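Residue-level listing of the chains:
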Amino acid sequence: MSKLSKAKDFKKSKSGLYLSMATTAFGAVSVAKQAKKARTESDTLRLIDAAVSAAAIATGLAILYRELKRLGDDDVLLG
């Protein structure tokens, strides 16, 4: 099995999805800092950027959660 195919298999595994979710959620910390700074500086454009980034993070987490549920549905032991 090549390294690339192992990486693809890991991305589709539960542990890979959990890692992706954690990484995505970690990005929320950066966005929160960006939003806080934008509010204190009254920078509307940066605040809009932070809001769009937060929406992207929320959407990404929702997609990863859906994939995690699909993996669970395929697992006979999880019922």
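As a reminder, the structure under discussion sits directly above these lines.
What comes next is a walk through the structure. Please read all numbers here as calculations on a predicted model, not as lab measurements. (Residues numbered from 1 in each chain as written. Predicted model: local features only at pLDDT ≥ 70, side-chain atom pairs only at ≥ 80, totals over all residues. Heavy atoms only, no water.)

Bringing the overall build of the protein into the picture now. Of regular secondary structure, the protein possesses 3 helices and 0 strands. Shown N-terminal to C-terminal, the secondary structure of the protein runs as helices and strands in the order α-α-α. Out of the 79 residues belonging to the protein, those deemed buried represent 14%. A separation threshold of at least 6 residues defines the contact pool for the protein, and within that pool the share at least 24 residues apart is 60%. Total accessible area computed for the protein in this model is approximately 6200 Å², and 64% of it derives from carbon and sulfur atoms. (Helix = DSSP H or I, 4+ residues; strand = E, 2+ residues; numbered from the N terminus. Buried < 20%, exposed > 50% of the residue type's maximum accessible area, 1.4 Å probe, protein only. Contact = heavy atoms within 4.5 Å. Areas by Shrake-Rupley, 256 points an atom, 1.4 Å probe, with all protein chains shown as cover.)

Let's shift gears to the pattern of salt bridges. Considering all chains together, one arrives at 2 salt bridges under this definition. Between arginine 46 and aspartate 43 there is a salt bridge, with the nearest N and O atoms lying 3.1 Å from each other. Across the pair arginine 70 and glutamate 67 runs a salt bridge, and its minimum N-O distance is 3.2 Å. Taken as a pair, arginine 70 and glutamate 67 lie in helix 3 (residues 44-74) at a separation of 3 residues, close to a single helical turn. With relative accessibility at 29%, the residue glutamate 67 sits in the partly exposed group. (Salt bridge = Lys/Arg side-chain N within 4 Å of Asp/Glu carboxyl O.)

Counting through the fold element by element, glycine 72 comes out in helix 3. Once the C-alpha coordinates of glycine 72 and lysine 14 are considered, the two residues, 58 residues apart in sequence, prove to be 8.6 Å apart.

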